[in-house]
Amino acid sequence: MLCHANKYQISFIMEKKAVRVRFAPSPTGALHIGGVRTALYNYLWAKKHGGTFILRIEDTDQTRYVEGAEAYIMEALEWLGIEPDESPKKGGDYGPYRQSERKAMYGQFAEQLIKEGKAYYAFDTPEELDAARAKVEAETEGKGKFKYDASTRMSMRNSLSLDAGTTQQYLDKGEYVVRFKLPAIHRDIIFDDAVRGTVTYSTEEMDDKVLFKSDGMPTYHLANIVDDYHMKITHVIRGEEWLPSTPLHVLLYEAFGWAEARPQFAHLSLILKPAPDSYLTKQNKPAMAEKFLNVFLSKQPEFAENKDLLAQTITQLFQDVASVTSRLNPKKKDKPYKLALKAFLKKSMSGKLSKRDGDLLGFPVFPLDWNGDEPFRGFREWGFLPQAVLNFLALLGWNPKSEQEIFTLEELVDAFDLDEVVRSGARFDYAKAKWFNQQYMIKGEDSALAEMMQPLATAKGYTVSKEYLTQVANLLKQRVEFIPEFIEKGSYFFTDLDFEVVKEKEGKNLRKRVLNKWSAEKSATFLDLHQALAQLADTDDLEPAVDAFMESKGLGKGEVMPALRFAISGTMGGPALYEMMEVIGRAKSLDRIKAFVEFCNAETTVA
RNA sequence: CACCCAUUCGUCUAGGGGUCAAGGACAUCACCCUUUCACGGUGAAGACACGGGUUCGAUUCCCGUAUGGGUGACCA
């Protein structure tokens, strides 16, 4: 017996159709991380089958067009290394690849359906439609929805309800839309989804969707069917939000007589917001509470007068991180301000990952920086490596049927299968994203890391060679999670220490490990050590020299190393001491030791 | 409100009637390694939403309930 998931593969093999998939974003802003995953799965599926990965820009909504969005999408795909084979920029045999440039062809297909009685002209104004919706809503106490279908279409203004003369008058004015005419007899639309199996909808639930808008542009529904057909798309891999409109698309393929060429659908579950306990920690709880409250008040300023009470409430709600979500359910005795806050928090803390979440929750949700009206930082600028992002995203909603976690792009192509895409929504897990990044940093070439560090170092005003950065990368890469941390955490590689600052940051450790035990004798010892090291030849290793020194003075490592470490790097953490000293340079290191001794003397007032 | 989709450790997931006293990864904790911090290693803790069926047997199949998600535009 064949299970549904294999059927399409087999039929496709038998037909020997070349796989052609498209990623079809609309240029309404930056490319969301969920979109990136969709693009990736499309890419993987195409490459796995030696097929073609197409980028098509769906810019049929002129009002939502955002300048720079298309360039952003291209740059993001390029950064990630999943570039399309056919695209507006690259061209191809099935172009143009921007729907606005294919505008001329859609009208004829709308006309065709009208001629065949499968669609009709409609002249209702937006106001009239709003009124019709409002009326149904009022009659059903908000429970019902207006449907433009067989039951209502004859009472609306369209070419079915109006006589030919009136219809012509409207058409002459040029203000009309084309609506799809749902079949008169209801039936179930059944289609096979590569990730979900058999999905069933009844035409009874559907309505006469607009196919062609009054501005002369097609809607998504028309354009996507016409384009997929003409671009010979074999698999439509897209987000779950399209699942409910898929039966309409199925009907459209039938209406055009293209049912045989209908692509295989695969609907990907959405990426959800992370679990609250992953970003609410004991330390940041108060700050997060304030952040949430501010956003709430900016959205619902009418509750500003309740600010103190709200602050109290949110603190209470956040008290037990594990159960926040369940505490958010409304209760009868809740005051209006509390209900509003709960509703807001519930929406902010669950559901699909959205634009704003990055800002609010403190992690990137877009591949690259975006400098629009609402600017935000991308994975790239955050310091993520593209391969890490790809790897993380690939495994968020797909499993490779093995216990392998780290995959190169080639390995992903090889292992990927729509069959193993999971059906349920996956929560974004920032901690895991960080882990992947760290893994790729450790694996990464030191010189490549150095290259990425270079501009950041320059921005900080450090003038350092690539060779130097390469050495720093080598020492630090398993101790940092993002590229910028090389510069931030490793600042002592780039600039001399200010021990006053060290005292502020590391006061407790500094006192415990060094200052509390400091004495005139210690001071002298370290100056002796300084002297001993200064006399070393460049070819002599530091470690045996220090070891010998300690032995001669009868000192243990614990009495010497922590102080040296503070002297060199100003912190107890960090790479192996001697390697650090070699990279920073012996002369500089010795200067730091001397400065540190003086600092300790001053701190403990020993001379 | 209606329709569709989903539901295994905190998170991502494996498992699709007996081999599951449920496997892996992240996160957490402990130990080892170590001058420190990491990395690495070893280990601990941690899950089949609930209720009914079907069956000799159900985490796995069916039906309900609950919960979560999506959609319900002349937006995509």
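A. How the structure looks around the protein's contact with RNA strand B. The environment of RNA strand B is made up of 64 residues, and the closest members are Arg 196, Lys 213, Asn 399, Gln 478 and Arg 479. Taking the atoms of RNA strand B that fall within 4 Å of the protein, sugar and phosphate contribute 70% of them. In the model, a phosphate oxygen of RNA strand B is placed 3.1 Å from a nitrogen or oxygen of the Ser 350 side chain. Going through the elements one at a time, helix 5 (126–139), strand 4 (177–180), strand 6 (197–202), strand 11 (426–427), helix 18 (430–443) and helix 25 (557–569) are the ones with two or more residues in the surface near RNA strand B. Among the elements that take part in the surface near RNA strand B, helix 18 stands out by supplying five residues, more than any other. A breakdown of the residues in the surface near RNA strand B according to their chemical character gives 23 nonpolar, 15 polar and 26 charged.

B. Representation of the packing of helix 4 (residues 103–115) against helix 7 (residues 220–230). Where helix 4 meets helix 7, the axes come as close as 10 Å, and the angle between the chain directions of the two elements is 105 degrees. One way to sum up the angle between helix 4 and helix 7 is to call them roughly perpendicular. On helix 7, the residues touching Met 105, Tyr 106, Phe 109 and Ala 110 of helix 4 are Leu 222, Ala 223, Val 226, Asp 227 and His 230. Within the contact of helix 4 with helix 7, the residues separate by chemical class into seven nonpolar, one polar and one charged.

C. Representation of the nonpolar core in the model. The biggest cluster of nonpolar side chains holds 141 residues, and the ones touching the most others in it are Phe 292, Phe 318, Leu 345, Phe 493 and Phe 596. Per element, the largest residue contribution to this core is nine residues, and it comes from helix 2 (residues 33–48). If near-sequence neighbours (up to four positions away) are discounted, Phe 493 is found in contact with Tyr 468, Val 472, Leu 475, Leu 476, Pro 575, Met 580, Val 583 and Ile 584.

D. Main features of the side chain of Asp 208. With respect to the helices and strands, the residue Asp 208 is situated in the loop between strand 6 and strand 7 (210–212). On the basis of relative accessibility, which here comes to 0%, the residue Asp 208 falls in the buried class. In terms of polar contacts, Asp 208 uses its side chain to reach the side chain of Tyr 120, at 2.5 Å.

E. Structural context of the sheet that holds strand 4. If you trace the three strands from one edge of the open sheet to the other, you get 3-4-7, paired in antiparallel fashion. Of all the strands in the sheet, just strand 3 (119–122) and strand 7 have a single pairing partner and so form its edges. Adjacent strand axes in the sheet meet at a mean angle of 45 degrees when their direction is disregarded. Sheet topology places strand 4 next to strand 7; two bridges connect them, and they run antiparallel. Note that in strand 7 the partner of Val 178 across the bridge is Phe 212. Across the sheet, helix 4 is in contact with strand 3, strand 4 and strand 7; its angle to strand 3 comes to roughly 110 degrees.

F. Seen up close, the layout of surface pockets. Considered as a void within the structure, the largest pocket measures approximately 1,200 Å³ in volume. Surrounding the largest pocket, 41 residues form its lining, Pro 25, Ser 26, Thr 28, His 32 and Glu 241 being those nearest its centre. Looking at the lining of the largest pocket, the elements with two or more residues in it are strand 1 (20–23), helix 2, helix 7 and strand 8 (235–239). Here the lining of the largest pocket takes five residues from helix 2, the largest share from any one element.

G. Representation of the pairing of strand 6. Two strands pair when backbone bridges link them, and strand 5 (residues 188–193) and strand 6 are joined in this way by six bridges, in the antiparallel orientation. Across the sheet, the residue bridging to Ile 190 is Thr 200, located in strand 6. Count of turn residues in the strand 5/strand 6 antiparallel hairpin: three residues.

H. Expanded view of the pattern of salt bridges. Applying the stated criterion across every chain, the model contains 31 salt bridges. The residue Arg 56 makes a salt bridge to Glu 58 at a minimum N-O spacing of 2.8 Å. Since its relative accessible area comes to 0%, Arg 56 is described here as buried. Of the residues examined, Glu 58 reaches a relative accessible area of 5% and is grouped as buried. In this structure, Arg 187 engages Glu 254 in a salt bridge whose closest nitrogen and oxygen atoms are separated by 2.5 Å. Of this pair, Arg 187 sits in the loop between strand 4 and strand 5 while Glu 254 sits in helix 8 (residues 246–256), and the two are 67 residues apart along the sequence. By relative accessible area, Arg 187 is classed as partly exposed at 35%. Here the salt bridges do not stand alone but share partners, grouping Arg 22, Arg 56, Glu 58, Arg 102, Asp 227 and Asp 228 into one network.

I. Examining the packing of aromatic side chains more closely. The tally for this structure, following the rule as stated, stands at 35 aromatic pairs. Ring centres 4.1 Å apart and planes at 15 degrees place the aromatic pair Phe 366 and Phe 376 in the stacked group. One end of the pair, Phe 366, is in the loop between helix 14 (357–361) and helix 15 (379–382); the other, Phe 376, is in the loop between helix 14 and helix 15, and ten residues separate them in sequence. The pair formed by Phe 366 and Phe 376 is uniform in burial state, with each residue classed as buried. The interplanar angle of 70 degrees and the centroid separation of 4.8 Å between the aromatic rings of Phe 379 and Phe 384 together place this pair among those described as edge-to-face.

J. Inspection of a positive patch on the surface at higher detail. On the surface, Lys 508, Arg 511, Lys 512, Arg 513 and Lys 517 cluster together into a positively charged patch. Secondary-structure assignment places Lys 512 in helix 22 (residues 499–513).

K. Quick peek at helix 20 (residues 466–476). Along helix 20, the residues classified as buried are Tyr 468, Leu 469, Thr 470, Val 472, Ala 473, Leu 475 and Leu 476. Buried-residue contacts for helix 20 involve helix 19 (446–459), helix 21 (484–489) and helix 26 (577–584).

Reading guide: rules and limits
- Residues numbered from 1 in each chain as written.
- Chains lettered and ligands numbered in written order.
- Predicted model: local features only at pLDDT ≥ 70, side-chain atom pairs only at ≥ 80, totals over all residues.
- Heavy atoms only, no water.
- Near = heavy atom within 4 Å.
- Polar contact = N/O pair within 3.5 Å; in protein donor to acceptor, adjacent residues only side chain to side chain.
- Helix = DSSP H or I, 4+ residues; strand = E, 2+ residues; numbered from the N terminus.
- Nonpolar A, V, L, I, M, F, W, Y, C, P; charged D, E, K, R; others polar.
- Axes fitted to C-alpha atoms, helices over the stretch in contact; angles between N-to-C directions.
- Parallel < 35°, antiparallel > 145°, perpendicular 65-115°, else oblique.
- Contact = heavy atoms within 4.5 Å.
- Core = buried A, V, L, I, M, F, W, Y, C linked by side-chain atoms within 4.5 Å.
- Buried < 20%, exposed > 50% of the residue type's maximum accessible area, 1.4 Å probe, protein only.
- Pairing = 2+ DSSP bridges.
- 1 Å grid on protein atoms, 1.4 Å probe; cavity = no way out; pocket = protein on both sides within 12 Å on 5 of 7 lines; lining within 4 Å.
- Points joined across faces, edges and corners; volume = space filled by probe spheres on them.
- Salt bridge = Lys/Arg side-chain N within 4 Å of Asp/Glu carboxyl O.
- Phe/Tyr/Trp six-rings, centres within 6.5 Å; stacked < 30°, edge-to-face > 60°.
- Patch = residues over 30% accessible without salt bridge, like charges linked within 9 Å, V, L, I, M, F, W, Y side chains within 5 Å.
- Areas by Shrake-Rupley, 256 points an atom, 1.4 Å probe, with all protein chains shown as cover.
- Lys, Arg positive; Asp, Glu negative; His and termini not counted.
- Charge placed at Lys NZ, Arg CZ, Asp CG, Glu CD.

Without other data, these values stay purely geometric and don't point to any function.
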